[in-house]
Every structure is written in C-alpha cells, then in structure tokens.
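Residues per chain, in single letters:
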Amino acid sequence: QGFSVMSHYTWSRSFNYTNTYYNIDAKQAYGPNDNTRSHVFLLSGVYELPFGKGRRFLSSSGKAVDAVLGGWQMNTVWQLQSGLPFTPTYRDCNADRDTGWCRPDLVGDWHVSDPNRNGWFAVTSTALTANGQTDGPWRRPAKGTFGNVGRNRLVGPGLSQWDMSFFKNFSITERFKAQFRAESFNFANHMNLANPNTCVDCPGSAGKITGLYRLSTPRQWQFGLRVEY
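Please read these numbers as outputs of a predicted model, since none were measured by experiment. (Residues numbered from 1 in each chain as written. Predicted model: local features only at pLDDT ≥ 70, side-chain atom pairs only at ≥ 80, totals over all residues. Heavy atoms only, no water.)

**So, the nonpolar core**
Formed by Phe86, Tyr90, Cys93, Cys102, Trp110, Trp120, Phe121, Leu128, Trp138, Val149, Leu154 and Val200, the largest nonpolar core amounts to twelve residues. In contact with Trp120, other than residues within four places in its own chain, are Phe86, Val112, Pro115, Val155, Gly156, Pro157, Pro196, Gly207 and Ile209. (Core = buried A, V, L, I, M, F, W, Y, C linked by side-chain atoms within 4.5 Å. Buried < 20%, exposed > 50% of the residue type's maximum accessible area, 1.4 Å probe, protein only. Contact = heavy atoms within 4.5 Å.)

Printed below as a string of structure tokens:
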C-alpha cells in the first residue's frame with residue numbers, strides 16, 4: 001500500500017582505559033567509553049500518499065489535479081539515544097591531587113526530580129573546603145585518597161533527532177522524470193544538550209548545562225530537484 005517502516009533498538013556496553021594514572025593503577029583508569037550510549041532506538045518510514053494517477057484515490061483525475069496532488073512521498077527518520085557518561089569533579093582539588101584524580105566521594109543519591117530546572121544532578125549548597133566535609137550527596141575525600149566515584153559513572157542528557165523529507169514526483173514523458181525534494185533535519189527543532197558542568201561544588205555553575213551537544217544543529221531545510229532520463 002505504498003507504506004514501509006523499519007525500526008531497531010540497540011543496547012550496548014563499552015568500556016576502555018584512559019591514559020591518566022594507567023601505568024600506576026589501571027583499574028582506576030577503567031570505565032565506560034566517553035562516547036558510548038547504552039540505548040539507541042531508531043524508527044524510519046516511507047509513505048507514498050495514495051492520491052493521483054495510479055494511486056488509490058483520484059487515479060482518474062486530470063493532469064492539473066495530478067500535478068498538484070499526485071506523486072507525493074513522505075519520509076522520516078527518528079532516533080532516540082541515551083546520554084553520554086561523565087565523571088564528577090570538585091572545586092580546588094589541586095591540593096588533594098597527589099593521587100592524580102579529581103573525584104569526590106558519592107555518599108547519597110545524585111539524581112534530581114527536574115534536571116532541566118535545577119541542574120542536571122544534585123550539587124552541594126556550598127564549596128567543599130575541608131577534607132571530609134559532606135554536603136548533599138557529595139563529600140570531599142581525604143588528601144592522598146581517591147574519591148569513590150568511578151570514571152564516567154554519571155550520565156548526561158539523551159539525544160532526540162527527527163528528520164523529515166517530502167518528495168514530489170513528476171512524469172514529464174515516458175523517458176524524462178523529475179523529483180522535487182524538501183528535506184528537513186531536526187524537523188521539530190529539538191535542543192540536544194551537552195553534558196553539564198561536572199563540578200559538584202562550584203557556586204553558580206555546579207551541575208548546570210550551558211551548551212548544546214557538539215553535533216547538534218537547529219532545524220535546517222534544504223531543497224533540490226532531481227531529473228531522470
């Protein structure tokens with residue numbers, strides 16, 4: 001009936017090592033890959049509208065009607081992906097960094113009820129200035145010790161991308177055919193956000209998102225004409 005759809009879902013786990021501290025203690029450098037997305041869903045479809053010559057409706061219409069209503073095709077691709085991982089940090093960690101890391105201790109739940117309004121994850125109410133100081137779900141570790149948060153154990157915003165295109169086919173003669181194309185990328189103009197500021201105790205910026213994902217673009221349109229002979 002001129003309609004086709006395809007969909008697939010991928011669940012994946014990808015781990016690797018970073019070169020930081022690897023030669024001293026490799027397990028501290030191990031964690032989820034910086035670019036891994038655990039969940040990826042894709043839905044695509046093609047629909048040839050049932051109007052015009054050779055179609056279900058208006059198949060016997062004249063050339064003028066067919067030129068306007070016939071030969072249309074809609075195409076769509078929608079992808080939905082989970083967020084990218086990141087590692088939390090804390091302010092003024094250089095005084096503790098004889099171990100090579102800048103990771104706080106996680107002692108509570110870092111999730112928040114409304115990430116888009118209050119920051120992506122739970123942060124402290126004040127800077128952690130003393131070793132062992134606890135505020136919210138975070139604690140500043142003792143000097144010379146590792147924070148208990150592993151590499152890339154928090155996850156940032158997901159990604160949603162919906163692309164649409166509209167094709168109009170023209171039969172000029174039996175030999176010559178033409179196709180007009182209008183293609184839209186990020187049709188819904190959805191904002192795909194970057195990962196947040198990883199600092200858990202930086203006043204005014206902790207946990208805040210201030211930019212878009214590096215491959216994100218606002219809605220874009222492009223138009224084309226294809227001739228077949």
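Having put the structure on the table, let's press on.
**Some points on the sheet that holds strand 8 (residues 134–135)**
The sheet built from three strands is open, its strands ordered 7-9-8 with antiparallel pairing. Strands with a single pairing partner mark the edges of an open sheet, and in this sheet they are strand 7 (105–106) and strand 8. Pairing geometry for strand 8 and strand 9 (residues 138–139), over two bridges, is antiparallel. The residue bridging Thr134 from the neighbouring strand is Arg139, located in strand 9. (Pairing = 2+ DSSP bridges. Helix = DSSP H or I, 4+ residues; strand = E, 2+ residues; numbered from the N terminus.)

**Details of the packing of aromatic side chains**
Counted according to the given criterion, the structure contains twelve aromatic pairs. Summarising the aromatic geometry, the rings of Phe3 and Tyr47 are spaced 5.8 Å apart at their centres and angled 80° between planes, so their arrangement reads as edge-to-face. With a gap of 44 residues between them, Phe3 in strand 1 (residues 3–11) and Tyr47 in strand 4 (residues 39–48) connect regions that are remote in the sequence. A centroid spacing of 4.9 Å and a plane angle of 50° characterise the contact between Tyr17 and Tyr30, whose relative ring orientation is tilted. Taken together, the positions of Tyr17 in strand 2 (residues 15–17) and Tyr30 in strand 3 (residues 30–32) put the pair 13 residues apart, joining distant regions of the chain. You can call Tyr17 partly exposed: its relative accessible area is 45%. For Tyr30, a relative accessible area of 35% puts it in the partly exposed group. One aromatic cluster in this structure is built from Trp162, Phe166, Phe180, Phe187, Trp221 and Phe223. A cation sits over an aromatic face here: Lys168 above Phe170, 4.1 Å from the ring centre. A cation over an aromatic ring shows up here: Arg181 above the ring of Phe167, its NZ or CZ 4.6 Å from the ring centre. (Phe/Tyr/Trp six-rings, centres within 6.5 Å; stacked < 30°, edge-to-face > 60°. Lys NZ or Arg CZ within 6 Å of the ring centre and 35° of its normal.)

None of this, on its own, says anything about what the molecule does.
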